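Remarks on the overall topology
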Amino acid sequence: MTLTLLFNLGDAIYGLEIDAVQEIIENPVLYQVPRAKGVLRGAINFHGQVLAVIDLPDLLGIACVQRDHRRVVLSPAFKSLVLTVGNILRIVEIDLSELQPPPAHSSERAIRGLASLDETSVNLLDTDAIFKQLEDIYAE
Amino acid sequence: MRVEISYKFIIGFLIVVVSGVVVNLVIPYSAVPVEFQQTLAIACALVIGLIFGVAFSKAFTANIRRLTSAGSRISRGDLSEDIVLKKSSFPDETSDLAIAMNEIQESLRALVGDFRSIAFKVASSAQNLSGTSQEVSASSLQVARTVDQISKGAETQAEMVEESNRLFREVAMSINLVASSAKKVAVSAHQTVETANSGSALAGESLGSIRQVLAEVESSGQQMVNFVAQLQNISKFVEVINSIAQKTNLLALNATIEAARAGEYGRGFNVVAEEIRKLADSTTISADEITRLVVTIREEGQQVQSSMAQVIEEMESGREAVDRTNQAFTAITQNAVGTRTKANSIAELAEQQIASAERITRAIDEIDKVVSENAAATEQVSAATQEQSASMEELAQSAKDLSKMSEAMLQIVKQFKLIKQNKTDL
C-alpha cells in the first residue's frame, strides 16, 4: 500500500506518490522569473531555498481552468520543484500491485497506470516521465 | 149759357109749335093751292118737328152714349181717358154728369195709384220679409249648428273635466307617494349621516391602527436590517472558521506526508492526521452549510425587507385609502345632511301641494258643475233655437203668403188702366 496525494487536473483525478512530495504550502509569494515562458510560472522562497514553480496541467497538456492556491513542493530526493495543480483533494492509500496499465492509445505519457478507488479511477503519475518531459521542453 | 135739358125740351117743343104756327100763317100767302095748304102746313110742321127732333135727340143721345161708354169703360177699369163731350153752346146736365164722372175717375185713379203703390210696397216688403226671414232662418240654422257644436264641446269639456279630475286625483296620489318617499328619504339620509359618522370614526380608528402597524413594521424593518448586519458578522466568523479548517486540512495533509516519511513510526500519527483532516473537512462542510444558510437567510431577509417595504407601501396606500374613505364619509355626511334638508323641504312642499291639490280638486268639481250647467243651458239654447227656427219657417211661410197676396193684389190693380196707351180706345 502506498500513500498517494490525489488532485484534480480538469475532470480527471490524478495521483502522486507521497514519497515524491516534500510538503504542501499555502499561498507562497510568487516571484516572477525574467524571460520565463511556457510552463514556468515563477519562483518561490522555500525555507531559504529558491524553487521553480511548474504548471502541471500546462506541462501535461491537460485542459484545466481551476488552480489550487496551495502548491505541492516535491521531495528534493526527486527534484527541487514546486507544482501547481487543479485542486488538491486528499491523501489515500493505493495498492500498486493492482494497478491497471494505461490505455494504449493514451497520449499522456506521464501516467504509470490506473488505480481504482471507490468507483472512480485515479491516474497515477510517473514522476520520472514528468521530469523527462520537463527536460525535453527546456532542452530545446 | 147753361140750359137744362128740361128747358131744352121745352124750347124745342116751343120751336116746333112756333114753326108749325108760322108755317100755317105763311102758307096762305104762298102760291100753293088752297086744298094743299093744309097738307103742306102739316108736312112742313112734321118736317120741322122731325128735323128738330132728330137734331136735338142726336145731340142729346150722343152725350148720353159717350157717358154710357165712358161708364162702361170705367167699370172695365180703364181710367186712362177723361170724358170729353162735344163743345156745346148750351151745356146741360150731361156736361155736369161728365164732370162728375171725370171727378169720380180722378178719385178712382188716385185710389188705384195709391193702392198700386201700397201693393208694390207690400210686395217688396213681403219679399224683404221673406228674404229677411230666410236670412234669419239661415242664421238660426247656423246658430243651431253652433249650439250643437257648443253642446258637443260642452260634452267634450265635461269628459275632459272628468278626465282631468281623474288625472288630478292620480297626481294627488303621486304627490302623496312623493311626500311619503321624501319622508323615507329624510329618514334614510338621517341614517346615512349616522352610518357615515360611525364609518368616519371607524376610519379614524383604522387610520390609528394603520399608523401603529406602520410604526411596528418600520421597527421590524430596522430589526431586520440589524439582523442582516449580524448575518454579515456571522459570515465573517464563518470565513475565519473556513480558513482555519483549510489550514487544519493543510496541516493534516503535511502531517500525513511527515508521518509517511517517518515510516512505521509515523503510522499512528498518520491515523491522527487523517482524523484531523476529516474533522477539518466536516468543519469546512459545516462552514459551507452555515454560509449557505446565511446566504439563504440573507436572501430571505432581503425578501422580508422588500415584503416589508411593500407592506409599508401598501399600508401607505391603505392609509391614503382610509384617508380618502374618511373624506368620502365626510362628503357623504355633508351630502346626506343636504339630502335630509332637501327631502324635508320636499316633504313640506308635497304637503303644501297636497293642500293645493285638494283646492284644485274642489275647483275642478266646481268647473264640473259649471260645465254641467253649461251643457244644460246649451241644450235649452238648442231647443230655443229649434223653436226659433220653426217660428222663422212659419214667418217665411207667412211672408210667402203675403207676397202671393200682394202679387194677387197687384194683378187686380193692373186691371186698372191709368195712362192712355198709344192707341185710343174710345
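Residues numbered from 1 in each chain as written. Chains lettered and ligands numbered in written order. Predicted model: local features only at pLDDT ≥ 70, side-chain atom pairs only at ≥ 80, totals over all residues. Heavy atoms only, no water.

What follows is about the overall build of chain B. Each helix and strand counted, chain B has four helices and zero strands in total. At a minimum sequence separation of 6, the contacts of chain B that also span at least 24 residues come to 85%. Here chain B has roughly 27,800 Å² of accessible surface; of this, 62% comes from carbon and sulfur atoms. (Helix = DSSP H or I, 4+ residues; strand = E, 2+ residues; numbered from the N terminus. Contact = heavy atoms within 4.5 Å. Areas by Shrake-Rupley, 256 points an atom, 1.4 Å probe, with all protein chains shown as cover.)

Moving on, we come to the pattern of salt bridges. All chains considered together, the criterion is met by 22 salt bridges over all chains. Residue Glu274 of chain B is joined to Arg277 of chain B by a salt bridge in which the shortest nitrogen-to-oxygen separation is 2.6 Å. You can see Glu274 of chain B and its partner Arg277 of chain B sitting in helix H4 (residues 267–414), three residues apart, about one turn around the helix. Among the residues examined, Arg277 of chain B registers a relative accessible area of 5% and is labelled buried. Among the ionic contacts, a cluster of salt bridges with common partners joins Arg41, Asp55, Asp58 and Arg67 of chain A. (Salt bridge = Lys/Arg side-chain N within 4 Å of Asp/Glu carboxyl O. Buried < 20%, exposed > 50% of the residue type's maximum accessible area, 1.4 Å probe, protein only.)

Let's shift gears to a negative patch on the surface. A cluster of acidic residues, Asp148, Glu155, Glu159, Glu162 and Glu379 of chain B, forms a negative patch at the surface. Within the secondary structure layout, Glu162 of chain B lies in helix H3 (residues 93–261). (Patch = residues over 30% accessible without salt bridge, like charges linked within 9 Å, V, L, I, M, F, W, Y side chains within 5 Å. Lys, Arg positive; Asp, Glu negative; His and termini not counted. Charge placed at Lys NZ, Arg CZ, Asp CG, Glu CD.)

Taken together, the contact pairs 15 residues of chain B with 15 residues of chain A. Buried surface at the junction of chain B and chain A, both sides included, amounts to about 1,200 Å², of which 55% is carbon and sulfur. Area buried by chain B at its contact with chain A is led by Leu250, Leu253 and Ile257 of chain B, which between them contribute 39% of it. Inspection of the region where chain B meets chain A yields two salt bridges. Measuring nitrogen to oxygen at the nearest pair gives 3.7 Å for the salt bridge that ties Arg267 of chain B to Glu93 of chain A. (Buried area = accessible area lost by both parts, 1.4 Å probe.)

Another aspect to go through is helix H1 (residues 5–26) of chain B. All names here are of chain B. Here H1 spans 30 Å end to end across 22 residues, near enough to the 32 Å set by a 1.5 Å rise per residue. All buried positions along H1 are accounted for by Ile5, Lys8, Gly12, Ser19, Gly20 and Val23. All buried residues of H1 lie within an arc of 115 degrees about the axis, which places them on one face of the element. Pointing more than 90 degrees away from the buried face of H1 are the exposed residues Phe13 and Leu25. The secondary structure elements touched by the buried residues of H1 are helix H2 (34–76) and H3. (Expected span 1.5 Å × (residues − 1). Arc of directions from axis to C-beta.)

All names here are of chain A. At Asn27, a position not held by glycine, the phi torsion is positive, near 40 degrees. Secondary-structure assignment places Asn27 in the loop between strand E3 (21–26) and strand E4 (30–31). Located in the positive-phi region is Asp118, a residue other than glycine, with phi close to 50 degrees. We classify Asp118 as exposed; its relative accessible area is 61%.

Let's shift gears to the nonpolar core. Counting residues in each nonpolar core, the largest one holds 33 residues, and the members touching the most others are Leu5, Phe7, Leu56 and Leu125 of chain A. Not counting chain neighbours up to four residues away, the residues in contact with Leu5 of chain A comprise Tyr14, Gly15, Leu16, Val21, Ile24, Val72, Ile88, Arg90 and Ile91 of chain A together with Leu253 of chain B. Leu67, Leu79, Ile83 and Met101 of chain B belong to the second largest nonpolar core, which has 11 residues in total. (Core = buried A, V, L, I, M, F, W, Y, C linked by side-chain atoms within 4.5 Å.)

Quick look at the environment of Glu258 of chain B now. Residues and elements named next belong to chain B. Of note, Glu258 is situated in helix H3. Since its relative accessible area comes to 42%, Glu258 is described here as partly exposed. Linking Glu258 and Phe269, residues 11 residues apart in sequence, is a C-alpha distance of 9.0 Å.

Okay, the sheet that holds strand E5 (residues 40–46) of chain A next. Taken in spatial order, the six strands make up an open sheet running E3-E7-E8-E6-E5-E4 (chain A), and their pairing is mixed. Here the strands that pair on one side only, and so sit at the sheet edges, are E3 and E4 of chain A. Against the sheet, H3 of chain B contacts E3 and strand E7 (70–74) of chain A, and its axis sits at roughly 170 degrees relative to E3 of chain A. (Pairing = 2+ DSSP bridges. Axes fitted to C-alpha atoms, helices over the stretch in contact; angles between N-to-C directions.)

Turning next to the confidence of the model for chain A. For any part of a model where pLDDT is low, the fine detail of the predicted coordinates should not be relied upon. Overall, the predicted model of chain A reaches an average pLDDT of 86, with 95% of residues at or above 70. Least confident of the elements in chain A is helix H2 (residues 127–139) of chain A, whose mean pLDDT is 83; most confident is E7 of chain A, at 93. (pLDDT = per-residue confidence, 0-100.)

Aromatic ring pairs: the centre-centre distance and the angle between the two ring planes describe each pair. On inspection of all chains with the given rule, the structure shows zero aromatic pairs over all chains. One cation-aromatic arrangement involves Lys79 of chain A over Phe131 of chain A; the distance from NZ or CZ to the ring centre is 5.9 Å. (Phe/Tyr/Trp six-rings, centres within 6.5 Å; stacked < 30°, edge-to-face > 60°. Lys NZ or Arg CZ within 6 Å of the ring centre and 35° of its normal.)

Turning to the pairing of strand E2 (residues 12–17) of chain A, a few remarks are in order. All names here are of chain A. Bridging between strand E1 (residues 2–9) and E2 involves six bridges; their strand directions are antiparallel. Each residue of the ladder has a partner; that of Phe7, found in E2, is Tyr14. Across three bridges, the pairing between E2 and strand E11 (residues 120–125) is parallel. Bridging across to E11, Gly15 finds its partner in Leu124.

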